[in-house]
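# Inside the fold
So you can see what is in the structure, the chains are spelled out below.
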Amino acid sequence: MAISMTEAAAKHVRRSLDGRGKGEGIRLGVRTTGCSGLAYVLEFVDQPDSEDLVFESHGEKVIIDPKSLAYLDGTELDFVKEGLNEGFKFNNPNVRGECGCGESFNV
Amino acid sequence: MALLQIAEPGQSPQPHQRRLAVGIDLGTTNSLVAALRSGRSEPLPDAQGRVILPSAVRYHADHIDVGQVARDAASSDPLNTVLSVKRFMGRGLADVKQLGEQLPYRFVGGESHMPFIDTVQGPKSPVEVSADILKVLRQRAEETLGGELVGAVITVPAYFDDAQRQATKDAARLAGLNVLRLLNEPTAAAVAYGLDQNAEGLVAIYDLGGGTFDISILRLTGGVFEVLATGGDSALGGDDFDHAIASWMVEQAGLSSDLDPGAQRQLLQAACAAKEALTDADSVTVAYGNWSAELTRAAFDALIEPMIARSLKACRRAVRDSGVELEEVGAVVMVGGSTRVPRVREAVGALFGRTPLTEIDPDQVVAIGAAIQADTLAGNRRDGGELLLLDVIPLSLGLETMGGLMEKVIPRNTTIPVARAQEFTTYKDGQSAMMIHVLQGERELISDCRSLARFELRGIPAMVAGAAKIRVTFQVDADGLLSVSARELGSGVESSIQVKPSYGLTDGEIARMLKDSFEHAGFDKVARQLREHQVDAERLLEAVQGALDADGDRLLDAEERLAIEQQMQDLRDLMSGTDGVAIEQQTKRLSQVTDAFAARRLDSTVKAALAGRNLNEIEE
């Protein structure tokens, strides 16, 4: 069971944490919501919860709760640029269907 | 697939509910757009990585250039290239012509008072030109953020009046932007530094741009910024530093002072580059043609010292206008590219006795603050701890009352949005209409305030003077735009106006009006008292004259009548003068000599009413 980040994603996480001035790492997760059932969560973490699992990738911490891990196992977080737009992208092998915009998905 | 941004803990947005909002600094020389991404407010670059968009628009027959390309064409195609359009926003044709004879544009009058600039695409109003700049920023933001914008916060100078704010809002609408709020530039800069998170304090915003200097003193109380005073110099900026270096070069190199425009531009470019290099270097080599010399930072500092001194003088004046002391200012924020000059920072620091805040890029700080505010207004913060930033009315709003006095309905520094109502009444018997004259300013006499609008309330039913109740409601929305309505409470007749003021305020006039009000406070007080006494006297004279006409012959003997008429004449004589105290005393005297007459009239009315009726009838 593991979660990873590309180097580009790790770099951007570092930059964001530096800019924010605090934070342990970033949280990946899922919530039941959205047009296809589940939605990704991507947040800063100031204080990990006791049951959280922590993975390290390119020196940055990826924090995830065990329930979300079931849906995200094997996911690689990437940071991409598409024209002027830039942001994080979940490469999740568990996904069977996404809604058009990719903000929500089902497994 | 949509690309995700990192959210604050517990604040991941619902899918499809990220509300994209941006902050826009629509500047005289340069414009920027910024947004909150992954918890940081940052300016959004274009495809070439440039965040600054020069506020320049060039009109071709079939397309429009905006930005650097347009600015570069300013000298080759001056008629169709519009620079610094912000200076024309909300102005009348007459004001614009006054701004300077040297403007290359062909101005034509429109159906409104607005000046139109004649281009190959036909006449363009300043609002349209601004909209063309905003459209480019909007497009950049939508491409960068990957979706349609919910809205934008656009910044305006603190001294912008209603007309200029309305014009800015119109430009945004024309560009397809929903304006969440117009925000004062100094307030935006303070927000960028998070100063709105403090409980209270005084903040000075020192904004030295390319061509203009603004100083604003803000007071923060409970998350609300009040503009205590603004000041500045509309002809002082970093360009003057360039000119100072260029003049020095001309002198040192022994050049003739009447250079052709091309040579002058070259000289200024070299000067500007030297200025920028001296931000980090202690000394720089400047060259022109075959000539070259060393310019030290100390020599540069000496060249610009007079200009810095001018800005500091404006700072001291603004602090004085605010009624506070220099030492009370708790934070000094630097805005504008020219505040990179080390000597400027040093001098401002020395004046206020504290190190100015400079960590945020001074060219970007206003847009960055606006973006933070936009994000809050769009409803993206869900922790509830975020105070909604409030703005205030820069100058009091009110209306004209009898005697040419300004009656303030909403005082200066009231937080907006706000609605205030006040009741007024009629002055004459049977008065059927009332003129509502809406004014803005701090002075007591309407001639010293700015007229915003006039409208009439008609159809007031005939009543004796003072019996009608007319409720006038002033409403100011979150952008500082005013609407006024009047309603006669008995009959329900109503009339209202959305204040789209007669465009036409000259530069810095708001600031000047404010200053005048402080300087003339004593004079104004006397003037107001005089007018009040005059109005009282007029009212009494009218009442006595009416009584004399009705009952004078019946109730007064010749001697009594003469005495009253003598006092009336004395009062009339005094009224044309300026001695308020004498008018007041004479009014009292007239009132006294008519006391007996008034009592007799009352008796006779009562007698007439009672005549021929018995007690039971009266008690019923």
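As named in an unreviewed UniProt entry, chain B is Chaperone protein HscA homolog, taken from Pseudomonas alkylphenolica. Recorded in UniProt under Function (unreviewed entry), the annotation for chain B is "Chaperone involved in the maturation of iron-sulfur cluster-containing proteins. Has a low intrinsic ATPase activity which is markedly stimulated by HscB." What the UniProt record of chain B gives under Sequence similarities (unreviewed entry) is the line "Belongs to the heat shock protein 70 family."

The name given to chain A in an unreviewed UniProt entry is Iron-binding protein IscA, and the organism recorded there is Pseudomonas alkylphenolica. Under the Cofactor (unreviewed entry) heading, UniProt states for chain A: "Fe cation". For the record of chain A, the UniProt heading Sequence similarities (unreviewed entry) holds the text "Belongs to the HesB/IscA family."

Once that is clear, we can look at the overall build of chain A. Helix and strand content of chain A: two helices and nine strands. Along chain A, from the amino end to the carboxyl end, the secondary structure elements read β-α-β-β-β-β-α-β-β-β-β. Here chain A holds 107 residues, and the buried ones make up 50% of them. Put simply, 52% of the contacts in chain A that link residues at least 6 apart link residues at least 24 apart. Accessible surface, chain A: about 5000 Å² in total, of which carbon and sulfur atoms supply 45%.

The next thing to look at is the packing of aromatic side chains. All names here are of chain B. For the coordinates displayed, the defined rule picks out five aromatic pairs over all chains. Taken together, a centroid distance of 6.4 Å and an interplanar angle of 65° make the contact between W248 and W291 edge-to-face. Highlighted residues: W248 in helix α6 (residues 238-253) and W291 in strand β17 (residues 291-296), separated in sequence by 43 residues. A relative accessible area of 13% places W248 in the buried class.

Let's shift gears to the environment of B:L541. Residues and elements named next belong to chain B. Looking at the element boundaries, L541 is found in helix α12 (residues 521-555). Between the C-alpha atom of L541 and that of T587, which follows or precedes it by 46 residues, the distance is 8.6 Å. Other than its neighbours up to four places away in sequence, L541 contacts M568, L571, R572, M575 and L590.

Residues and elements named next belong to chain B. The buried fraction of strand β2 (residues 30-37) is high, at six of eight residues. As defined by bridge partners, strand β1 (residues 21-26) adjoins β2 across four bridges and the pair is classed as antiparallel. Note that in β2 the partner of D25 across the bridge is L32. Connecting β1 to the antiparallel partner β2 that follows it, the hairpin turn spans three residues. Of the pairings in the sheet, the one linking β2 to strand β4 (residues 53-54) comprises two bridges and is antiparallel in character. Bridged to N30 within β4 is P54. In this sheet, strand β3 (residues 40-43) lies alongside β2 in antiparallel orientation, the contact comprising four bridges. Bridging from a neighbouring strand, L36 pairs with S41 of β3.

Inspection of every chain in the model, using the stated rule, returns 32 salt bridges over all chains. Two residues, B:D132 and B:K135, come together in a salt bridge whose shortest N-O distance is 3.6 Å. In this pair, B:D132 and B:K135 are both assigned in helix α3 (residues 126-145), three residues apart and thus about one turn of the helix distant. You can call B:D132 buried: its relative accessible area is 9%. Of the charged contacts, one joins B:R343 and B:E305 as a salt bridge, the two residues approaching to 3.0 Å between their closest N and O atoms. One end of the pair, B:R343, is in helix α9 (residues 342-352); the other, B:E305, is in helix α8 (residues 297-322), and 38 residues separate them in sequence. Judged by relative accessible area, which is 28%, B:E305 ranks as partly exposed. Counted as one network, the salt bridges with shared partners bring together A:R15, A:K81, A:E86, B:R37, B:R40 and B:E42.

Here the focus is helix α1 (residues 7-20) of chain A. Residue and element names in this part refer to chain A. Under the 1.5 Å per step criterion, the end-to-end length of α1 is 20 Å for 14 residues, consistent within 8% with the ideal 20 Å. Within the span of α1, buried status applies to A9, A10, H12, V13, S16, L17 and R20. What you see down the axis of α1 is that its buried residues fit within an arc of 165°, all on one side. Set apart from the buried face of α1 by more than 90 degrees, the exposed residues are E7, K11 and D18. One or two positions beyond α1, positive phi appears at G21, with a value near 90°.

Residues and elements named next belong to chain B. Across the two faces of strand β16 (residues 283-288) the burial differs, with V284, V286 and Y288 buried and S283, T285 and A287 not buried at all. Pairing of β16 with β17 involves six bridges; the strand directions are antiparallel. The residue of β17 that forms the bridge with A287 is S292. In textbook terms, the turn of a hairpin is the stretch between consecutive antiparallel strands, and for β16 and β17 this stretch comprises two residues, one of which, G289, has a positive phi near 60°.

The next thing to look at is the packing of α6(B) against α8(B). Residues and elements named next belong to chain B. In the contact formed by α6 and α8, the axes pass within 10 Å of each other and the chain directions differ by 130°. Comparing the axis directions of α6 and α8 gives the class oblique. Between α6 and α8 lies a crossing whose hand is right-handed. Across the interface between the two elements, D240, F241, A244, I245 and W248 of α6 pack against F300, L303, I304 and M307 of α8.

Next up on the list: the packing of helix α5 (residues 185-192) of chain B against helix α10 (residues 365-377) of chain B. Residues and elements named next belong to chain B. Following both chains from N to C, one finds α5 and α10 inclined at 75°, their axes separated by 7 Å at the closest point. Classified by the angle between their axes, α5 and α10 sit roughly perpendicular to one another. In this structure, α5 uses E185, A188, A189, V191 and A192 to contact α10, whose residues at the interface are V365, V366, I368, G369, A370 and I372. Looking at side-chain class alone, the contact of α5 with α10 contains nine nonpolar, one polar and one charged residues.

For the rest of this paragraph, the subject is the confidence of the model for chain A. On average, chain A scores 82 in pLDDT, and the residues at 70 or more come to 82%. Within chain A, the element-level pLDDT minimum falls on strand β9 (residues 104-106) of chain A, averaging 63, and the maximum on strand β5 (residues 60-64) of chain A, averaging 92.

Cut-off values and rules
Residues numbered from 1 in each chain as written. Chains lettered and ligands numbered in written order. Predicted model: local features only at pLDDT ≥ 70, side-chain atom pairs only at ≥ 80, totals over all residues. Heavy atoms only, no water. UniProt positions renumbered as here; feature names shortened; annotations may be inferred. Helix = DSSP H or I, 4+ residues; strand = E, 2+ residues; numbered from the N terminus. Buried < 20%, exposed > 50% of the residue type's maximum accessible area, 1.4 Å probe, protein only. Contact = heavy atoms within 4.5 Å. Areas by Shrake-Rupley, 256 points an atom, 1.4 Å probe, with all protein chains shown as cover. Phe/Tyr/Trp six-rings, centres within 6.5 Å; stacked < 30°, edge-to-face > 60°. Pairing = 2+ DSSP bridges. Salt bridge = Lys/Arg side-chain N within 4 Å of Asp/Glu carboxyl O. Expected span 1.5 Å × (residues − 1). Arc of directions from axis to C-beta. Axes fitted to C-alpha atoms, helices over the stretch in contact; angles between N-to-C directions. Parallel < 35°, antiparallel > 145°, perpendicular 65-115°, else oblique. Left-handed = near helix turned anticlockwise from the far one by under 90°. Nonpolar A, V, L, I, M, F, W, Y, C, P; charged D, E, K, R; others polar. pLDDT = per-residue confidence, 0-100.

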